[in-house]
Structure formats: structure tokens, C-alpha cells
Amino acid sequence: MKKIIIILIILVAGAGLVWFSFFSPKAQERYIKKEITKANYCEVVSDCQMVAQSQCPFGCYVHVNKNEVARIGELLEGYQSNCQYQCIEFKGIGCVNNTCQLVE
């Protein structure tokens, strides 16, 4: 009986660790940042588009390949932000070294 209880405790603790490592806010933040980086590619400036709504901590303006805007937008919408930005206006987006970047 003691072995069964110990095994159950280990399983519950393991499940908790797995949940925390995949669903914690920091894990979600790392995942979204990685996906934004992967989606930020271009050959010409017309490949770049800004995601309609960004939120803290991902920057005032998230710009990615136009084919990735909807996917990245959904990731950002699903993130529970606990901070705010005061953003300044930007002039546009450029394709520099095959990545979409803000023009200052």
C-alpha cells in the first residue's frame, strides 16, 4: 500500500512539473517570442506586415511576414499580459537582412 501511495505522489508531482513547464506564463512568453522570431522573415518590404495588436512584453509593434500575421495575432491575443506600454508612432516597416524591422 505504501508503494502505491508513493507512486501516486510521484505521478502527481511529475504532472505538476509538466504542467508548469508548458503552461506557466514564462513558458508561454518564451514560446511566443520564439514564434515571432521564426515568423519575422522577408525578401522584400511588401512581405512585412504589422500584427494588428501587440501587447507587453512583446514590444509595441510586432512585425512579421504577411503570411504569419493571423497566427501570431492569435498567439498574442491568448496571452494574459500584466504590463502596459506607452508607444510612440513609427514611420514604417522595412525588410533589412531578410527580417522585418521598424523604420525610424
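Shown above is the structure to which this text applies.
Quick caveat: nothing in here was measured; it's all calculated off a predicted structure. (Residues numbered from 1 in each chain as written. Predicted model: local features only at pLDDT ≥ 70, side-chain atom pairs only at ≥ 80, totals over all residues. Heavy atoms only, no water.)

Asks: Can you tell me about the pattern of salt bridges, naming the residues and giving the values?
Replies: Evaluated as defined, the whole model comprises 5 salt bridges. Here K26 ties to E29 by a salt bridge, and the two come within 3.5 Å at their closest N and O atoms. Residue K26 and its partner E29 are both found in helix α2 (residues 25–39); the two are separated by 3 residues, about one turn of the helix. Overall, K26 belongs to the exposed group, its relative accessible area being 52%. According to the relative accessible area criterion, E29 is buried, its value standing at 11%. (Salt bridge = Lys/Arg side-chain N within 4 Å of Asp/Glu carboxyl O. Helix = DSSP H or I, 4+ residues; strand = E, 2+ residues; numbered from the N terminus. Buried < 20%, exposed > 50% of the residue type's maximum accessible area, 1.4 Å probe, protein only.)

Asks: Describe the pairing of strand β4 (residues 99–103), listing the residues and the values that go with them.
Replies: By the bridge criterion, 5 bridges tie strand β3 (residues 92–96) to β4 in an arrangement that is antiparallel. Residue pairing for β4: G94 is matched across the bridge by Q101. Linking two consecutive strands that pair antiparallel, namely β3 and β4, is a turn of 2 residues; a positive phi of about 55 degrees is found at N97 within it. (Pairing = 2+ DSSP bridges.)

Asks: Explain the state of the cysteines to me, and be specific about the residues and the numbers.
Replies: Counted under the stated rule, the structure contains 4 disulfides. In this model C42 forms its disulfide with C95; the gap between the sulfur atoms is 2.1 Å. Torsion about the S-S bond of the C42 and C95 cystine: about 100 degrees, corresponding to right-handed handedness. Here C95 lies in strand β3 and C42 lies in the loop between α2 and β1 (48–50), a separation of 53 residues in the sequence. Here C48 is linked by a disulfide to C100, with a sulfur-sulfur distance of 2.2 Å. On the S-S bond that ties C48 to C100, the torsion sits near -85 degrees, and the link is left-handed. In this pair, C48 sits in strand β1 while C100 sits in strand β4, placing the two residues 52 residues apart along the sequence. (Disulfide = S-S within 2.5 Å.)

Asks: Mind laying out the nonpolar core, listing which residues take part and the relevant values?
Replies: Among the nonpolar cores identified, the biggest contains 11 residues, and these are I32, I36, A39, V51, F58, V62, V64, V69, I72, L76 and Y79. Those elements that place two or more of their residues in this core are α2 and α3 (69–77). Aside from chain neighbours lying at most four places away, what touches V69 is Q49, M50, V51 and V64. (Core = buried A, V, L, I, M, F, W, Y, C linked by side-chain atoms within 4.5 Å. Contact = heavy atoms within 4.5 Å.)

Asks: Run through the packing of aromatic side chains, naming residues and quoting values.
Replies: One pass over the structure, following the stated rule, counts 1 aromatic pair. Considering the side-chain rings of F58 and Y79, the 5.0 Å spacing of their centres and the 75 degrees angle between planes classify their relative orientation as edge-to-face. On the criterion of sequence distance, the pair formed by F58 in the loop between β1 and β2 (63–65) and Y79 in the loop between α3 and β3 is long-range, its members being 21 residues apart. Judged on exposure class, the residue F58 and its partner Y79 are both buried. (Phe/Tyr/Trp six-rings, centres within 6.5 Å; stacked < 30°, edge-to-face > 60°.)

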